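# Inside the fold
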Amino acid sequence: MRQEMLKQSGLVRLGLLLAFVITIGVSGAFASQRRTTVHVEVKDAQTGKPIYQAHLTLRFRQHGGLLHRSKLISYTSKTDMKGQGEFPVVPLGMVTLMVTAPNHNTFGKEFEITKENQVIEVKLEKPHPVL
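Anyway, here's the lowdown on the structure attached to this text.

Definitions and limits used
- Each chain carries its own residue numbering, running from 1 in the written order of its sequence.
- Restriction of local features to residues with pLDDT of at least 70 applies here, the model being predicted, together with a cutoff of 80 or more for giving and counting side-chain atom pairs; totals for whole chains, interfaces and linings are based on all residues.
- Hydrogens are left out, water is left out, and the side-chain values use all remaining heavy atoms of the structure.
- In the sections that follow, a salt bridge refers to a side-chain nitrogen of Lys or Arg positioned within 4 Å of a carboxyl oxygen of Asp or Glu.
- Helix and strand labels come from DSSP, where a helix needs a run of H or I of at least four residues and a strand needs a run of E of at least two; each type is numbered from the N terminus.
- To sort residues, take the accessible area from a 1.4 Å probe on protein chains only and compare it with the maximum for the residue type: under 20% means buried, over 50% means exposed, and anything in between is partly exposed.
- Two strands pair if DSSP finds at least two bridges between them.
- Only the stretch in contact is used when fitting a helix axis, every axis being a line fitted to C-alpha atoms; angles between N-to-C directions are given from 0 to 180 degrees.
- Definition used in this section: a nonpolar core is a set of buried Ala, Val, Leu, Ile, Met, Phe, Trp, Tyr and Cys residues joined via side-chain atoms within 4.5 Å.
- We call two residues in contact when some of their heavy atoms are within 4.5 Å.

### With respect to the pattern of salt bridges
The final tally for this structure, using the stated rule, is 2 salt bridges. We note a salt bridge from Glu-116 to Arg-34, for which the minimum N-O separation is 3.0 Å. Of this pair, Glu-116 sits in the loop between strand S6 (107-113) and strand S7 (119-124) while Arg-34 sits in the loop between helix H1 (2-31) and strand S1 (35-44), placing them 82 residues apart in sequence. In this structure, Asp-44 and Lys-126 form a salt bridge, with 3.8 Å as the shortest nitrogen-oxygen distance. Of this pair, Asp-44 sits in strand S1 while Lys-126 sits in the segment after S7, and the two are 82 residues apart along the sequence. By relative accessible area, Asp-44 is classed as buried at 5%.

### Structural notes on the sheet that holds S6
A sheet is described by the order of its strands in space; here 4 strands give the open sequence S3-S2-S5-S6, paired in antiparallel fashion. Each of the sheet's edge strands pairs with one partner strand only, and the pair in question is strand S3 (71-78) and S6. When strand polarity is set aside, the average angle formed by the axes of neighbouring strands in this sheet is 20°. For strand S2 (residues 55-62) and strand S5 (residues 93-100), the ladder comprises 5 bridges, and the chain directions are antiparallel. Looking at S5, one finds that His-55 is bridged to Thr-100.

### Observations concerning the nonpolar core
Within the largest apolar cluster, 21 residues are counted, with the highest numbers of intra-cluster contacts made by Val-40, Val-42, Leu-97, Val-99, Val-122 and Leu-124. Breaking this core down by element, the ones donating at least two residues are S1, S2, strand S4 (84-91), S5, S6 and S7. Apart from residues lying up to four places away in sequence, Val-42 is in contact with Lys-49, Pro-50, Ile-51, Ala-54, Leu-56, Thr-79, Gly-83, Val-99, Val-122 and Leu-124.

### What about the pairing of S2?
Both S2 and S3 contribute to a ladder of 8 bridges, which runs antiparallel. Opposite Arg-61, over in S3, you have Leu-72 as the bridge partner.

### Looking at unusual backbone geometry
Although it is not a glycine, Val-89 sits at a positive phi angle of roughly 60°. Classification of Val-89 as partly exposed rests on a relative accessible area of 46%. Phi at Asn-117 is positive, roughly 50°, even though this residue is not glycine. By the secondary structure assignment, Asn-117 is in the loop between S6 and S7.

### Thoughts on the environment of Arg-35
If you trace the backbone, Arg-35 turns up in strand S1. Through-space distance from the C-alpha of Arg-35 to that of Pro-91 is 4.1 Å; in sequence the pair is 56 residues apart. Excluding its chain neighbours within four sequence positions, the residues that come into contact with Arg-35 are Gln-62, Val-89, Val-90, Pro-91 and Glu-116.

Listed below in structure tokens is the structure:
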């Protein structure tokens with residue numbers, strides 16, 4: 001009887017150790033996911049001039065692994081005098097970009113980040129006049 005209990009106890013410990021090793025391996029695979037910097041250029045659609053201080057929001061889902069939930073990550077930035085902004089440490093895959101600027105319509109779209117230092121060009125329209 002005692003031998004049987006020791007055998008079961010050893011199997012339980014082995015199972016826990018195996019589950020721990022698998023969890024570490026899976027979460028490590030997600031932690032090593034390739035990341036890059038995303039560059040955003042914002043211009044006025046009619047004039048082609050850069051838009052200074054446009055507000056940028058970039059969202060993406062960070063996968064949590066086997067025992068963790070995925071999280072929605074959101075970064076914000078503003079464009080410089082050249083209408084450029086950037087987001088470092090973005091994983092390759094689908095992201096959502098939202099752009100707002102005074103006297104322009106709001107822009108929002110999904111993009112697939114597939115390469116290093118990917119550039120997203122955005123042309124903002126002015127709102128239509130109220131009749």
